[in-house]
There are 2 protein chains.
Amino acid sequence: MPLSGFPELLPAQRGAELAVIDHLRSVFELHGFASIETRVVEPLDQLVKGGEIDKEIYVLRRLQADDEASDSGLGMHYDLTVPFARYVLENAGKLEFPFRRYQIQKAWRGERPQEGRFREFTQADIDVVGKDVLPFHYDVEVARVMAAALVALPLPPLSMQVNNRKIIEGFLRGIGAPDRSAAMRVIDKLDKVSATAVAALLVSEAGMDEAQAHRCLELAAIRTSDTSFVDKVHALGVEHELLDAGLDELAAVIGGCAASMSEGFRVEANLRIARGLDYYTGTVFEIFMTGYEFLKSVGAGGRYDALARDGATTYPGVGISFGVSRTLVPLFQRGSLTGSRAVPSAVLVALADEQSRPASDAVAEQLRARGIATEVAAEPQKYGRQIRYADRRGIPFVWFPAGDGSGDEVKDIRSGDQVPADVASWQPPAADLRPRVVSAALPEEQDP
Amino acid sequence: MPLSGFPELLPAQRGAELAVIDHLRSVFELHGFASIETRVVEPLDQLVKGGEIDKEIYVLRRLQADDEASDSGLGMHYDLTVPFARYVLENAGKLEFPFRRYQIQKAWRGERPQEGRFREFTQADIDVVGKDVLPFHYDVEVARVMAAALVALPLPPLSMQVNNRKIIEGFLRGIGAPDRSAAMRVIDKLDKVSATAVAALLVSEAGMDEAQAHRCLELAAIRTSDTSFVDKVHALGVEHELLDAGLDELAAVIGGCAASMSEGFRVEANLRIARGLDYYTGTVFEIFMTGYEFLKSVGAGGRYDALARDGATTYPGVGISFGVSRTLVPLFQRGSLTGSRAVPSAVLVALADEQSRPASDAVAEQLRARGIATEVAAEPQKYGRQIRYADRRGIPFVWFPAGDGSGDEVKDIRSGDQVPADVASWQPPAADLRPRVVSAALPEEQDP
């Protein structure tokens with residue numbers, strides 16, 4: 001029985017998910033990010049104090065232990081940041097800093113499931129963490145790496161929206177806002193309530209006058225896909241050195257991602273992105289998917305001055321997390337994304353009779369040795385039934401061994417074309433070699 | 001703090017684990033096995049009734065739910081077979097049978113940790129499952145596929161030991177054993193107690209006379225790496241049609257794996273392998289690692305006539321599970337296996353000064369576009385320090401951009417050789433392109 005919030009995929013969908021994960025891995029690794037995997041459990045006290053406090057954590061108890069000993073004191077991680085911070089502290093003496101890592105793993109939250117919000121879900125995180133210091137250029141690097149990874153995926157258009165907490169902080173200081181952290185929390189509500197309501201809250205909850213509230217809204221309305229936001233902010237006439245520092249950093253991130261922009265992937269400066277969480281201190285990211293705004297962000301991240309802390313040593317970091325399940329599962333469920341076939345096999349080797357199985361096996365071995373995924377027919381049925389066997393699985397080619405080592409033929413079952421083929425050299429078209437991610441019925445569809 | 005039984009790997013070790021997993025995946029996929037991933041939890045009643053009964057299961061409770069609602073009724077899976085059987089039943093209408101799947105995933109057991117026995121561990125399973133029927137040739141196929149996957153790994157020598165329950169069952173019938181299932185359980189103890197003790201138990205617990213017990217031990221002593229076991233069994237003079245059927249099947253499996261044998265990987269008929277579990281009905285497998293016999297088997301599997309059952313429909317299956325953590329973690333812990341470097345990067349691009357970062361980034365982008373994992377130096381330190389930065393991470397090459405687009409040089413930091421190089425065509429040796437699995441201090445080491 002399916003369990004609500006624990007999505008499982010059919011083989012073709014899982015093939016598409018794996019292709020996406022393999023692609024992300026490949027881009028991360030090309031940029032020197034090392035894989036780590038952490039255990040799925042952490043001591044409960046670490047989980048409760050880390051990050052957001054409204055998460056519902058799954059706690060583990062051993063079934064057969066007696067009552068007293070049954071509670072393990074362990075909970076399942078709800079993100080990959082808390083375990084990564086613990087891993088860094090635990091292995092600090094054995095890691096080289098700055099340490100670039102990627103982590104593609106499941107996490108769990110016991111919350112009420114909604115579309116795109118699951119109890120079990122896969123995330124893909126990249127982070128760079130330094131010891132005591134971490135140069136700013138890593139903010140640009142993680143943005144570029146994630147952009148390079150996402151731009152090539154056949155998804156609905158994505159936009160990575162970037163801001164810098166120093167801009168908001170400096171601007172609030174510049175206008176003399178009386179309670180900056182209340183103001184930050186209120187600005188963060190702009191995606192939920194109207195600008196008018198936010199203005200009222202800035203007055204009632206953050207102690208601003210109406211002029212200050214108005215200027216905040218002017219700042220938050222700035223959104224550009226190039227570095228023109230800098231002039232727009234300057235035009236508001238607010239001065240503060242922290243504001244200038246933030247504008248410089250944000251311009252570097254937006255400029256650094258320019259080469260990754262395409263119709264399907266935009267990087268934008270969006271000055272309303274506040275990321276209410278206290279631990280972000282500079283760059284902040286949120287990623288959205290066009291047409292799927294109800295999912296809210298499908299990725300997020302930013303710069304924290306102290307990802308972890310151990311006595312006198314701090315570990316600053318910057319990273320971005322991409323929600324693999326949050327993005328893919330709704331697309332699978334709507335049928336707008338799938339895999340091109342349910343099996344890895346590009347070729348089915350037909351079987352004339354059970355006695356010729358070794359000959360068909362030998363053909364398959366030769367094709368596999370050249371990297372072509374191949375299976376042999378289950379039974380020596382009539383060839384028409386063997387072709388239907390391939391067709392039902394989406395296997396594009398059926399190979400007919402001649403039996404005497406020469407005169408083999410291969411049929412493309414989509415076109416029906418059957419041609420002579422040499423097992424030592426025949427190659428399927430590159431597009432047929434592996435299952436592909438296929439996007440269907442997306443209004444904005446484009447070539448991956 | 002490390003948690004006993006929840007092993008975590010350093011980046012170089014994780015790189016080696018990933019290389020092993022990628023290799024297994026690649027072999028499984030070349031043979032047409034499709035990946036599936038199941039949720040990590042199952043309803044507790046399903047877990048308790050499936051398979052072995054001595055497992056300690058982790059049960060989930062939600063932290064913030066009130067007492068009554070906090071127990072989720074869910075437990076974490078302790079193997080990949082129970083969830084696979086459930087997945088097959090749940091999706092039977094959407095799967096094509098025979099269904100070949102591989103599943104490389106973690107499982108959890110709340111048992112007391114020992115070396116090689118973890119509370120969290122990764123397994124790699126392949127199974128073929130049919131609807132109502134599954135031809136015997138799939139027993140040969142799963143053995144060959146697992147053999148093809150394992151033979152290429154740089155591990156201590158492995159042996160896959162194979163038997164067939166029909167041989168034991170037929171032999172016991174042939175000698176007129178009074179209590180065959182008690183006899184099977186006793187024979188299964190041969191790896192723990194002496195042959196004399198087993199003979200005594202066959203008399204006292206399985207009701208045999210001494211002659212019968214003696215013949216059982218003669219059968220169980222037969223072990224060959226080719227099909228000569230057939231004659232040895234015939235020489236014992238016991239006749240039964242089930243025995244003959246089992247001998248034919250086992251000979252087919254051993255013969256079918258002959259091409260995968262090497263010094264580092266043996267396939268043997270071992271007639272003492274009984275696999276006490278009731279659900280095995282034909283072929284049974286156990287995999288052992290030389291020098292690591294204390295781990296007991298590092299893999300196991302077999303044929304079951306009913307992997308799953310749904311009303312009138314049964315789903316017979318045959319499969320093998322390989323213990324990835326059980327095999328690799330003890331090797332990592334002893335330092336006899338690791339990865340060749342801690343990062344994917346093959347090249348570090350040096351940085352003359354911070355102003356030339358865009359030029360160094362451009363070199364890196366060109367190398368990455370040709371599949372060469374590359375990172376750029378963190379800071380424009382003296383070149384000697386940048387070389388040490390590469391050395392500490394195991395990055396074999398440092399690239400020195402000339403700055404004017406020509407005259408770049410690349411240094412192999414192991415030999416110290418520095419030569420002119422063209423960013424559009426330079427290629428590292430194939431062995432340096434990706435981190436490799438390195439086995440050290442293994443007496444029987446060989447080329448992977």
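Quick caveat, the model's predicted, so the values are computed rather than measured.

**Some details on the packing of helix H7 (residues 180–187) of chain A against helix H8 (residues 195–204) of chain A**
Residues and elements named next belong to chain A.
Working step 1: Orientation of H7 relative to H8, taken along the N-to-C sense of each, is 165 degrees, at an axis distance of 10 Å. The orientation of H7 with respect to H8, classified from their angle, is roughly antiparallel. Crossing angle aside, the handedness with which H7 passes H8 is right-handed. Contacts between H7 and H8 involve Ala183, Val186 and Ile187 from the former and Val198, Leu201 and Leu202 from the latter.

**Considerations on the interface of chain A and chain B**
Working step 1: Across the boundary between the two partners, chain A contributes 55 residues, which contact 55 residues of chain B.
Working step 2: When residues of the side of chain A that touches chain B are traced back to their parent elements, those giving at least two are helix H1 (11–30), strand E1 (34–35), strand E3 (58–62), helix H4 (81–91), helix H13 (357–369), strand E15 (374–376) and helix H14 (383–393) of chain A.
Working step 3: Of the residues belonging to the side of chain A that touches chain B, the class tally is 25 nonpolar, 12 polar and 18 charged.
Working step 4: Strand direction decides the pairing type here: E3 of chain A and strand E3 (residues 58–62) of chain B, joined by five bridges, are antiparallel. Bridging across to E3 of chain B, tyrosine 58 of chain A finds its partner in arginine 62 of chain B.

**A look at the relation of the copies chain A and chain B**
Working step 1: Taken as rigid bodies, chain A and chain B are interconverted by a rotation of 180 degrees and an axial shift of 0.0 Å, the fit giving an RMSD of 0.0 Å. Read as a symmetry element, the transformation amounts to a two-fold axis. No C-alpha of chain A lies nearer the rotation axis than that of leucine 60 of chain A, which sits 2.5 Å from it.
Working step 2: A symmetric contact is evident, with 100% of the interface residues of chain A recurring at the interface of chain B.

**Remarks on helix H5 (residues 137–151) of chain A**
Working step 1: The terminal C-alpha atoms of H5 of chain A lie 21 Å apart, and with 15 residues this matches the ideal 21 Å at 1.5 Å per residue to within 8%.
Working step 2: Of all the 15 residues making up H5 of chain A, 13 are buried; the element is thus mostly covered by neighbouring parts of the structure.

**Describing H13 of chain A**
Working step 1: Over its 13 residues, H13 of chain A extends 18 Å from the first C-alpha to the last, a length consistent with the 18 Å expected when each residue adds 1.5 Å.
Working step 2: The elements touched by buried residues of H13 of chain A are strand E14 (347–349), E15 and strand E16 (397–400) of chain A together with helix H1 (11–30) of chain B.
Working step 3: One or two steps after H13 of chain A, the chain reaches glycine 371 of chain A, where phi turns positive at roughly 85 degrees.

**Quick look at the domain arrangement of chain A**
Working step 1: Each assigned domain of chain A is listed with its residue range as follows: domain 1 (11–40 + 77–172 + 215–231 + 241–334) and domain 2 (347–437).
Working step 2: Here domain 1 of chain A and domain 2 of chain A have C-alpha centroids that lie 44 Å from each other.

**Overview of the pairing of strand E5 (residues 99–108) of chain A**
On a regular strand, each side chain points to the face opposite its neighbour's, so the side chains alternate between the two faces of the sheet.
All names here are of chain A.
Working step 1: Most of E5 is tucked away, with nine of its 10 residues classed as buried.
Working step 2: Here E1 pairs with E5 via two bridges, running parallel. Its bridge partner being in E5, alanine 34 is matched across the sheet by arginine 101.
Working step 3: Sheet topology places E5 next to strand E6 (residues 120–129); 10 bridges connect them, and they run antiparallel. The residue bridging alanine 107 from the neighbouring strand is phenylalanine 121, located in E6.

**Section: the sheet that holds E15 of chain A**
Residue and element names in this part refer to chain A.
Working step 1: Spatially, five strands are ordered E15-E14-E16-E17-E18 in an open sheet, and the strand pairing comes out mixed. The outermost strands of the open sheet, each flanked by one partner alone, are E15 and strand E18 (418–420). Across this sheet, the average inter-strand angle for adjacent strands is 25 degrees, counted without regard to direction.
Working step 2: In the sheet, E16 pairs with strand E17 (residues 409–412) via four bridges, with the strands oriented antiparallel. Counted as the bridge partner of valine 398 is lysine 411 from E17.

**A closer look at the environment of alanine 440 of chain A**
Residue and element names in this part refer to chain A.
Working step 1: With respect to the secondary-structure elements, alanine 440 resides in the segment after strand E19 (437–439).
Working step 2: Using a count of 11 C-beta atoms within 10 Å as the deciding quantity, one classes alanine 440 as exposed.
Working step 3: Expressed as a C-alpha distance, the spacing of alanine 440 and arginine 334, which sit 106 residues apart in the sequence, is 9.8 Å.
Working step 4: Discounting chain neighbours no more than four positions away, the residues touching alanine 440 are Gly335 and Ser336.

**A short note on the sheet that holds E3 of chain B**
To summarise the sheet geometry, strands pair through backbone hydrogen bonds and adopt either a parallel or an antiparallel arrangement.
Working step 1: Reading across from one edge, E2(A)-E4(A)-E3(A)-E3(B)-E4(B)-E2(B) is the order of the six strands in this open sheet, with antiparallel pairing throughout. The sheet terminates laterally at strand E2 (41–43) of chain A together with strand E2 (41–43) of chain B, the two strands that pair on one side only. Across this sheet, the average inter-strand angle for adjacent strands is 45 degrees, counted without regard to direction.
Working step 2: Sheet topology places E2 of chain A next to strand E4 (residues 71–76) of chain A; three bridges connect them, and they run antiparallel. When the sheet's bridge partners are listed, valine 41 of chain A is paired in E4 of chain A with methionine 76 of chain A.

**Looking at unusual backbone geometry**
Residues and elements named next belong to chain A.
Working step 1: Here the amide bond leading from phenylalanine 97 into proline 98 is cis, since omega sits at -5 degrees, within 30 degrees of zero.
Working step 2: At aspartate 132, a position not held by glycine, the phi torsion is positive, near 70 degrees.
Working step 3: Relative to the helices and strands, aspartate 132 is located in the loop between E6 and H5.
Working step 4: With 10 C-beta atoms packed within 10 Å, aspartate 132 lands in the exposed category.

Rules behind the numbers
- Residues numbered from 1 in each chain as written.
- Chains lettered and ligands numbered in written order.
- Predicted model: local features only at pLDDT ≥ 70, side-chain atom pairs only at ≥ 80, totals over all residues.
- Axes fitted to C-alpha atoms, helices over the stretch in contact; angles between N-to-C directions.
- Helix = DSSP H or I, 4+ residues; strand = E, 2+ residues; numbered from the N terminus.
- Parallel < 35°, antiparallel > 145°, perpendicular 65-115°, else oblique.
- Left-handed = near helix turned anticlockwise from the far one by under 90°.
- Contact = placed C-beta atoms within 7 Å.
- Nonpolar A, V, L, I, M, F, W, Y, C, P; charged D, E, K, R; others polar.
- Pairing = 2+ DSSP bridges.
- Least-squares fit on C-alpha atoms with pLDDT ≥ 70 in both.
- Expected span 1.5 Å × (residues − 1).
- Buried ≥ 20, exposed ≤ 12 C-beta atoms within 10 Å, placed from the backbone.
- Domains from an automatic or database assignment.

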